[in-house]
Amino acid sequence: MTQAASTVVDDNISIRGAVKIYGSGPTQQVALNGIDVEIPRGRFVSLIGPSGCGKSTLLRLIAGLETADQGEASVFGVTSEAACAAKMIGLVPQAPALLPWLSVLQNVSLPGRVNRGADRRRKRIGGHQEKAAPDMTELLRMVGLGDAMDKLPAQLSGGMQQRAAIVRAFGVQPDVLLMDEPFSALDEFTREAIQGQLLDIWDEQNTTVVFVTHSVTEAVRLSDTVLVMSARPGRITASVDIELERPRSQAMLGTPEFHHFEDLIRGHLQSAWHEGPLTTSAA
Ligand SMILES: Nc1ncnc2c1ncn2[C@@H]1O[C@H](COP(=O)(O)OP(=O)(O)O)[C@@H](O)[C@H]1O
Ligand SMILES: [Mg+2]
């Protein structure tokens, strides 16, 4: 008890003064220029901005896959590298990257089986909460892959593979889930269904999510906070708290309150465009 009073637990993802430069000389690219972000544990935060503004770079910085040229990144009080080693971080990349020789069930179960030492390490970091191991077959059923568990990745559509990659990331119950445009390859119907499933799992597991998207509607539906980025050099130009009740149903998308937040973010995106020298159209 007395110890709690004297120990300040840093329970945020913190990026302070982060600068990331690729290359050197005339070809050098300032991908990130002075990024400051604090994300408290349990939040769902989206990054939105034009192509090339540094969203993936920022995500990789949090994941410990990239180091900043200036500034620092920490996750719940430890460096990103330490957080990564303690299996606190799950990353869902744009392309699913499943192992082709393993079944869907084997693919999603693998990360939970390897590196048990990491489980012991992460218990000691920040406000980590121990949870019961998830039932992978149940998670697969939740995302509509109940009948595909014993199939090989090559036997699935792109959207099904992507859903398997999402389940795999949830399987290790990461403290932080980083998702890089995970739904961009899905058709609209599947995308909306899986957004709902993501919110259910997020709610159940108390995960902190940093989610990159191109879709304003998706950002508003999912997030507690939307960070708007602008390009060249990449920086955060606005932070919008989405004050909509949860759970957020499909029906909410048609309400004036929902449109209010969409318009607000579109406005910020447009000013981000006009501020920067970038004139080409983004994907
Ligand atoms: N490994 C790399 N080497 C050189 N330049 C890179 C590398 N990764 C990203 N960049 C550059 O950094 C900028 C930001 O890229 P990225 O983070 O991928 O943007 P986004 O995900 O927002 O589209 C872009 O100009 C891109 O060309
Ligand atoms: Mg990207």
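For the structure itself, consult the block above.
Just so we're clear, the structure is a prediction, and the values are computed from it rather than from any experiment. (Residues numbered from 1 in each chain as written. Chains lettered and ligands numbered in written order. Predicted model: local features only at pLDDT ≥ 70, side-chain atom pairs only at ≥ 80, totals over all residues. Heavy atoms only, no water.)

**Student:** Outline the pattern of salt bridges, listing residues and values.
**Tutor:** Following the criterion strictly, the structure yields ten salt bridges and no others. Notably, a salt bridge pairs Glu38 with Arg16, separated by 3.4 Å at the nearest N-O pair. Placement of the pair is Glu38 in strand S2 (residues 29-40) and Arg16 in strand S1 (residues 12-22), with a sequence separation of 22 residues. For Glu38, a relative accessible area of 41% puts it in the partly exposed group. According to the relative accessible area criterion, Arg16 is partly exposed, its value standing at 39%. Here the salt bridges share partners, and the residues they tie into one network are Asp11, Arg41 and Asp175. (Salt bridge = Lys/Arg side-chain N within 4 Å of Asp/Glu carboxyl O. Helix = DSSP H or I, 4+ residues; strand = E, 2+ residues; numbered from the N terminus. Buried < 20%, exposed > 50% of the residue type's maximum accessible area, 1.4 Å probe, protein only.)

**Student:** Quick rundown of the sheet that holds strand S7 (residues 176-180)? Include the residues and the values.
**Tutor:** The six strands lie next to each other as S6-S7-S8-S3-S9-S10, forming an open sheet whose pairing is mixed. Each having just a single partner strand, strand S6 (89-92) and strand S10 (235-241) make up the two edges of the open sheet. Pairwise comparison of adjacent strand axes, ignoring direction, gives a mean angle of 15° for this sheet. Sheet topology places S7 next to strand S8 (residues 208-213); five bridges connect them, and they run parallel. Residue pairing in the sheet places Asp180 in a bridge with Val212 of S8. Each of S6 and S7 is contacted by helix H7 (residues 158-171), which is oriented at about 175° to S6, the strand it contacts most. (Pairing = 2+ DSSP bridges. Axes fitted to C-alpha atoms, helices over the stretch in contact; angles between N-to-C directions. Contact = heavy atoms within 4.5 Å.)

**Student:** Lay out the nonpolar core with the relevant residues and their values.
**Tutor:** Residues Phe44, Met179, Leu198 and Phe211 are the most contacted members of the largest nonpolar core, which totals 31 residues. At the level of secondary structure, the elements contributing two or more residues to this core comprise helix H4 (104-113), helix H6 (136-142), H7, S7, helix H8 (188-205) and S8. Looking at this core element by element, the count peaks at six residues for H7. Contact partners of Met179, with chain neighbours within four places excluded, come to Leu59, Val92, Ile166, Leu198, Val209, Val210, Phe211 and Val212. (Core = buried A, V, L, I, M, F, W, Y, C linked by side-chain atoms within 4.5 Å.)

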